[in-house]
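Observations on chain architecture
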Amino acid sequence: MARRALTLPILKRLSDSSTASATRLLPPSQPARTVTYMPRPGDGAPRAVTLIPGDGIGPLVTNAVEQVMSAMHAPVYFDTYEVHGNMKRVPEEVIESIRKNKVCLKGGLRTPVGGGVSSLNVQLRKELDLYASLVNCFNLPGLPTRHEGVDIVVIRENTEGEYSGLEHEVVPGVVESLKFCSERIAKYAFEYAYLNNRKKVTAVHKANIMKLADGLFLESCREVATKYPSIKYNEIIVDNCCMQLVSKPEQFDVMVTPNLYGNLVANTAAGIAGGTGVMPGGNVGADTAVFEQGASAGNVGNEKIVEHKKANPVAFLLSSAMMLRHLQFPSFADRLETAVKRVISEGKVRTKDLGGDSTTQEVVDAVIAKLD
């Protein structure tokens, strides 16, 4: 099955006037919607994008994007800010820039382990209410994998649950983690599936143990599913999901998950489809979108990769194509995606995580050479 181009438009509530025109596009059997995933038409004017190079390999891969954008003469320009994972919080001027531009391109921010230090990645999602994380894990021609026919979209609730850091110590030695159900992530998943011609949505849960929290999550998914009769809906327990992913990943289409499970599922699916270094993604809210490497495992790299400048920029380039399509520049997005796929399919350039020894700059040069 041919893979549709990945988009991540902002979730918007329609005005009364726009609701009428949007509703006319729906089949008579479908209910009227109060939300849309169709971005508003752009006017072609250059757009400002907040750029956060981040830590580790972040400056290498963001520089790769800047070079390719310049080579394409893409109608975007960057407002660049230095943010690092060892900061106590994301500077307010950065938050204001993202809110003003409504779009951000972000390299990985190193997350301290333990010690009560909050992740700036999580802080940013909560501050901007970027409630939906979307990662597309798919086979790329020319990149050998154990499984073929993989094209999975993992849609993960981004602001609640254990992974969001909503936890506190009730009394010394007793820690309580807060987890809530959110109907909006279920709506996002089904609307994404409907508008992107996807056939199935799978809810990932642990309701056999987490009967209240995950039970509420499933209730929301089931209720929303009744409004989309053309889309098949099923449920799977998270541990069985992981086993099925590594044995028969082609059975999955769109997966909707609570926060913590989604982090695990997305990274597992990315590894199956070719590695975290090639999977694009983004985080979306009601007003803003932040694009970054889709799967987070190793997204700041290690010292040797940084020292030898051999970071793999593919995931970040593909995420940038998502950003271009989101900004209503589809021709530029298509050019970039096509160039990246051609470089991979020809196998002439390979970074270390893809079985080669190519530098970041060699990949960039190869992609630029393939731009039509």
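Residues numbered from 1 in each chain as written. Predicted model: local features only at pLDDT ≥ 70, side-chain atom pairs only at ≥ 80, totals over all residues. Heavy atoms only, no water.

1. Considering the overall build of the protein chain
Assigned secondary structure in the protein chain consists of 12 helices and 14 strands. Burial analysis of the protein chain (372 residues in total) assigns 53% to the buried set. Counted over contacts in the protein chain with a minimum sequence separation of 6, partners at least 24 positions apart contribute 76%. Working note: accessible area of the protein chain is about 16,600 Å², and carbon and sulfur atoms make up 54% of it. (Helix = DSSP H or I, 4+ residues; strand = E, 2+ residues; numbered from the N terminus. Buried < 20%, exposed > 50% of the residue type's maximum accessible area, 1.4 Å probe, protein only. Contact = heavy atoms within 4.5 Å. Areas by Shrake-Rupley, 256 points an atom, 1.4 Å probe, with all protein chains shown as cover.)

2. Focus on the confidence of the model for the protein chain
Interpretation of the predicted coordinates at a detailed level should be avoided for regions scoring low in pLDDT. Averaged over every residue, the pLDDT of the protein chain is 83; residues scoring 70 or more account for 80%. Strand β3 (residues 47–52) holds the highest mean pLDDT among the elements of the protein chain, 97, whereas helix α1 (residues 16–23) holds the lowest, 31. Ignoring residues within four places in sequence, the model shows residues 1–40, a span with pLDDT below 50, making 86 contacts including any to other chains. Considering only residues more than four positions removed or in separate chains, one finds that residues 174–179, a stretch of pLDDT under 50, has 23 contacts. (pLDDT = per-residue confidence, 0-100.)

3. Remarks on the packing of aromatic side chains
Overall, the coordinates contain five aromatic pairs when judged by the stated rule. A centroid spacing of 6.3 Å and a plane angle of 90° characterise the contact between Tyr 131 and Tyr 188, whose relative ring orientation is edge-to-face. Separated by 57 residues along the polypeptide, Tyr 131 in the loop between α4 (120–127) and β6 (132–138) and Tyr 188 in helix α5 (residues 183–195) bring together distant segments of the chain. A relative accessible area of 2% places Tyr 131 in the buried class. Through pairs of rings, three or more aromatic residues link up here, namely Phe 190, Tyr 194, Tyr 228 and Tyr 233. (Phe/Tyr/Trp six-rings, centres within 6.5 Å; stacked < 30°, edge-to-face > 60°.)

4. A few points about the sheet that holds β6
Reading across the sheet, the 10 strands line up as β4-β3-β5-β14-β13-β6-β7-β12-β10-β11 and stay open at both edges, with mixed pairing between neighbours. At either margin of the open sheet sits one strand with a lone partner, and together these are β4 (76–80) and β11 (232–237). Mean inter-strand twist for the sheet, computed between neighbouring axes without regard to direction, equals 25°. Bridging between strand β5 (residues 103–106) and strand β14 (residues 289–293) involves three bridges; their strand directions are parallel. By the bridge assignment, Leu 105 is partnered in β14 with Phe 291. Contacts from helix α2 (residues 58–72) reach β3, β4 and β5, with the element oriented near 150° to β4. Docked against the sheet, α5 engages β6, β7 (151–157), β10 (200–205), β11, β12 (254–257) and β13 (280–284), running at close to 155° with respect to β7. (Pairing = 2+ DSSP bridges. Axes fitted to C-alpha atoms, helices over the stretch in contact; angles between N-to-C directions.)

5. Some details on the environment of Asn 283
For Asn 283, the location among the structural elements is in strand β13. The class of Asn 283 is buried, set by a relative accessible area of 4%. Spatially, the C-alpha atoms of Asn 283 and Tyr 131 are 7.1 Å apart, while their sequence positions differ by 152 residues. Within the local environment of Asn 283, its side chain forms a polar contact with the side chain of Asn 158, the two groups lying 2.7 Å apart. (Polar contact = N/O pair within 3.5 Å; in protein donor to acceptor, adjacent residues only side chain to side chain.)

6. Some remarks on the pattern of salt bridges
Here the structure, examined in full by the defined rule, presents 14 salt bridges. The salt bridge involving Glu 292 is made with Lys 106; its shortest N-O contact spans 2.9 Å. One end of the pair, Glu 292, is in strand β14; the other, Lys 106, is in strand β5, and 186 residues separate them in sequence. In this structure, Lys 348 and Glu 346 form a salt bridge, with 3.9 Å as the shortest nitrogen-oxygen distance. Judged by relative accessible area, which is 67%, Lys 348 ranks as exposed. (Salt bridge = Lys/Arg side-chain N within 4 Å of Asp/Glu carboxyl O.)

7. Here's the deal with the environment of Gly 262
Summarising the element assignment, Gly 262 is placed in helix α8 (residues 259–273). It is 9.6 Å that separates the C-alpha atoms of Gly 262 and Val 135, two residues lying 127 residues apart in sequence. Filtering out sequence-adjacent residues up to four positions away, Gly 262 remains in contact with Val 154, Arg 156 and Thr 257.

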